[in-house]
Amino acid sequence: LAIDDSTSQDTEYPELIDTLEQLTEVLTQLPPSTDSVDHEAAQRGRAYLAALAPGGWMVPTWPTEYGGRTSTPEQAQVIRSLLRQYSSPDLYLFFVGLNMVGPALLAHGSAEQRARWMPPIATGEDVWCQMFSEPEAGSDLANVATQARPMQDSWRLQGQKVWTSRAHRAGWGLCLARTDPDQPKHRGMTMFAVRMTTPGVIVRPLVQMNGDQHFSEVFLDDVEVGATDMIGQPGDGWKIAQTVLTHERSSIASSGGRARTGTGSALPRWLQALGDHGNLDDPAKVDAAIAAFIDAEVGRLTAARAAAYAQSGRRVGPESSGQKLRVVASLKRRAYLAQVLLGADGLLAEGPTQDEVLAAPSLSIRGGTDEIQRNIIAERVLGLPAEPRADRDLPWSVSRRGGLA
Ligand SMILES: Cc1cc2nc3c(=O)[nH]c(=O)nc-3n(C[C@H](O)[C@H](O)[C@H](O)COP(=O)(O)OP(=O)(O)OC[C@H]3O[C@@H](n4cnc5c(N)ncnc54)[C@H](O)[C@@H]3O)c2cc1C
């Protein structure tokens, strides 16, 4: 697919001219945005999504009845090109709903669930979090120990999640739980939507080194979940989790980290500002800056290709692991360059540079670590021998963790 950031819709997409005019009118009326993760930014994000929702412009490929506009992937690309020409607020709070839950519901949810959950995601009304990881079930996600016991018309959940991004702001959580401990670990799990205000859901935010309360521990203490909030069938949890994780990786890659840092395409301006302040007066620093610029451009084009690929309707597979690895490496190199160029000032002065440096290490962990992405590429792309997995076919209940649960 050709990658083009400009809007060439006048000639190539005549059917979109009216809709793009309407979208331009909406965008020009919105206030200019800055990037931050504070409360005000959340409100700006919600206002932005609410303004785009009537046209289904934020999620154009979603069916119209679920908050999109049933666009083809090619039409969606044109709409996104126009969106990129205008500033947008930080949409990080809405990332899980828009990029992970929506696509997973399209693939695995019932018509009733799509109709109930997707429109409020598109309008920014509902924030979702992803409750997958647990202590001892991160890279080895199939080891989740949170149990869901069937009742008459509901399920009862008991367990602990950790690293749950935006849990303290979310209205809903997508929760992977074990429903059949006697099945091998990948087979006995089921996916649920948990309302975060249900009695027994306890959210404890964790503070990180950049001062952010990005994620939380979530305790589920005998939490009742209605039968209609189970997604797919009992035992489908792993399959659905794979869909969610694949979309997470490709969205991290195609956003180029912008959802978090807000500076994805700002490197040239950033280098210019550094030069203006005399930080680029040493040839070695100029070299490093140019290398970072080239790196970021390759990352940007790779991300654009990833987005085009995903939007073309082709199933996104293990290649999302390669995209994530490449983009994360580029973002980290840029953050560390900032550290070198700005020295102590870069760390002491609060702002996007400090934020980027302090958030950089987490990029290699969230959405699956670099090592796990390399394992996926090795096994599923290159066809190398799989790592030994002794517990793969054993009932989870006889595994070390299952035995303790
Ligand atoms: C900022 C941030 C946000 C996050 N948000 C969420 C969220 O919203 N929801 C959610 O569910 N999770 C979230 N996570 C959790 C994330 O998915 C896990 O941290 C990640 O999968 C790693 O799991 P772990 O922390 O348990 O580390 P472990 O799995 O214990 O890994 C420890 C180390 O061992 C390495 N390792 C483990 N297994 C292998 C192997 N087989 N081969 C080679 N190396 C291996 C890992 O690469 C890592 O370096 C988030 C994490 C971060 C940092």
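Quick caveat: nothing in here was measured; it's all calculated off a predicted structure.

J.: Explain the overall build of the protein to me, please; I cannot follow it from the model alone.
T.: Counting its regular elements, the protein contains 15 helices and eight strands. Classification of the 405 residues of the protein by burial places 48% in the buried group. Of the contacts formed within the protein by residues at least 6 apart in sequence, a portion of 73% connects residues at least 24 apart. Carbon and sulfur atoms form 54% of the exposed surface of the protein, whose accessible area is close to 19,000 Å².

J.: Mind showing me how you'd approach helix α13 (residues 352-363) here?
T.: Residues three or four positions apart in an α-helix share a direction because the helix packs 3.6 residues into each turn. Helix length check: α13 (twelve residues) gives 16 Å between terminal C-alpha atoms against 16 Å at 1.5 Å per residue, within 8%. Here α13 has its buried residues at T353, Q354, E356, V357, A359, A360 and L363.

J.: What am I meant to see in the site of the ligand here?
T.: Around the ligand sit 18 residues in total, of which Q130, S139, W163, T369 and E371 are the nearest. Within the backbone of F132, an N or O atom sits 3.1 Å from an oxygen atom of the ligand. In this structure, a nitrogen atom belonging to the ligand sits 3.0 Å away from a main-chain N or O atom of W163. Summarising the interface, the protein chains cover 71% of the accessible area of the ligand, which totals 970 Å² for the free molecule. Elements supplying a minimum of two residues to the shell around the ligand: β3 (154-165) and α14 (370-381). Per-class residue counts for the shell around the ligand are five nonpolar, ten polar and three charged.

J.: How should the nonpolar core be read in this particular structure?
T.: For soluble globular proteins, nonpolar side chains are generally found buried alongside one another. In this structure, L23, W128, F132 and V194 are the most contacted members of the largest nonpolar core, which totals 68 residues. If sequence neighbours within four positions are ignored, V194 has contacts with M131, L157, G171, W172, G173, C175, V201, V223 and V225. In this structure, L271, A289, A292 and L337 belong to the second largest nonpolar core, which totals six residues.

J.: Looking at this structure, I do not really get the packing of aromatic side chains. What am I missing?
T.: In this description, a pair of aromatic rings is defined by centroid distance and the angle of the planes. Summed over all chains, the structure comprises six aromatic pairs. Judged by centre distance (5.4 Å) and plane angle (65°), the ring pair of W117 and W172 falls under edge-to-face. With a gap of 55 residues between them, W117 in helix α6 (residues 111-122) and W172 in strand β4 (residues 172-178) connect regions that are remote in the sequence. Both residues of the pair, W117 and W172, count as buried.

J.: What's the story with α6 in this structure? I'm lost.
T.: Over its twelve residues, α6 extends 16 Å from the first C-alpha to the last, a length consistent with the 16 Å expected when each residue adds 1.5 Å. Every buried residue of α6 is accounted for by Q113, R114, W117, M118, P120, I121 and A122. For α6, the secondary structure elements touched by its buried residues are α3 (39-52), α5 (95-108), β1 (128-131), β4, β5 (189-195) and β8 (230-231). Two residues or fewer after α6 comes G124, characterised by a positive phi angle close to 85°.

J.: Teacher, can you tell me more about the pairing of strand β7 (residues 215-226) here?
T.: Each regular strand carries side chains that alternate between the two faces of the sheet. When β3 meets β7, the two strands line up antiparallel, connected through ten bridges. Residue pairing for β7: S165 is matched across the bridge by F215.

J.: Help me understand the pattern of salt bridges, please; the structure alone is not making it clear to me.
T.: Proximity of charged atoms lets side chains of opposite charge pair with each other. One pass over the structure, following the stated rule, counts 14 salt bridges. The salt bridge involving R400 is made with E136; its shortest N-O contact spans 2.6 Å. Linking R400 in helix α15 (residues 400-404) with E136 in the loop between β1 and β2 (147-150), this pair joins segments that are 264 residues apart in sequence. Residue classification places E136 among the partly exposed positions, given a relative accessible area of 47%. Among the ionic pairs, R334 bridges to E356, the shortest N-O distance being 3.0 Å. Here the residue R334 occupies a position in helix α11 (residues 319-342), and E356 occupies one in helix α13, the gap between them amounting to 22 residues. Across this residue pair, the class does not change: R334 and E356 are buried. Each member of the salt-bridge network shares a partner with another, and the members are R149, R156, D222 and E224.

J.: Is there a simple way to explain the side chain of D90 in this structure?
T.: Mapped onto the elements, D90 comes out in the loop between α4 (73-84) and α5. Within the local environment of D90, its side chain forms a polar contact with the backbone nitrogen of Y92, the two atoms lying 2.8 Å apart.

J.: Just to check I follow, could you spell out the environment of L220 for this structure?
T.: In this fold, L220 is placed in strand β7. In this structure the C-alpha to C-alpha distance between L220 and R156, which are 64 residues apart in sequence, comes to 9.3 Å. When neighbours within four sequence positions are excluded, L220 is seen to be in contact with M131, T146, L157, Q158, G159, K161, C175, G200 and V201.

J.: Just checking my understanding: could you explain the side chain of T243 for this structure?
T.: With respect to the helices and strands, the residue T243 is situated in helix α7 (residues 237-255). Residues in contact with T243, not counting those within four places in the same chain, are A104, A107 and H108.

J.: I tried to follow the pairing of β3 on my own but got confused; where do I start?
T.: Looking at chain direction, β2 and β3 are connected through four bridges and run antiparallel. Each residue of the ladder has a partner; that of A148, found in β3, is L157. Joining the antiparallel neighbours β2 and β3 is a turn of three residues.

J.: Help me out: how do you make sense of the packing of α11 against α13 in this one?
T.: When two helices pack together, their arrangement is given by the angle between the helix axes and by the axis-to-axis distance. The geometry of α11 relative to α13 is characterised by a closest axis approach of 9 Å and an angle of 140° between their N-to-C directions. When the axes of α11 and α13 are compared, the pair comes out oblique. The handedness of the crossing between α11 and α13 is left-handed. Judged by residue contacts, K324, V328, L331, K332, R334, A335, Y336, A338, Q339 and L342 of α11 engage T353, E356, V357, A360, P361 and L363 from α13. Each residue belonging to the contact of α11 with α13 can be placed in one class, and the counts come to ten nonpolar, two polar and four charged.

Conventions adopted
- Residues numbered from 1 in each chain as written.
- Predicted model: local features only at pLDDT ≥ 70, side-chain atom pairs only at ≥ 80, totals over all residues.
- Heavy atoms only, no water.
- Helix = DSSP H or I, 4+ residues; strand = E, 2+ residues; numbered from the N terminus.
- Buried < 20%, exposed > 50% of the residue type's maximum accessible area, 1.4 Å probe, protein only.
- Contact = heavy atoms within 4.5 Å.
- Areas by Shrake-Rupley, 256 points an atom, 1.4 Å probe, with all protein chains shown as cover.
- Expected span 1.5 Å × (residues − 1).
- Near = heavy atom within 4 Å.
- Polar contact = N/O pair within 3.5 Å; in protein donor to acceptor, adjacent residues only side chain to side chain.
- Nonpolar A, V, L, I, M, F, W, Y, C, P; charged D, E, K, R; others polar.
- Core = buried A, V, L, I, M, F, W, Y, C linked by side-chain atoms within 4.5 Å.
- Phe/Tyr/Trp six-rings, centres within 6.5 Å; stacked < 30°, edge-to-face > 60°.
- Pairing = 2+ DSSP bridges.
- Salt bridge = Lys/Arg side-chain N within 4 Å of Asp/Glu carboxyl O.
- Axes fitted to C-alpha atoms, helices over the stretch in contact; angles between N-to-C directions.
- Parallel < 35°, antiparallel > 145°, perpendicular 65-115°, else oblique.
- Left-handed = near helix turned anticlockwise from the far one by under 90°.

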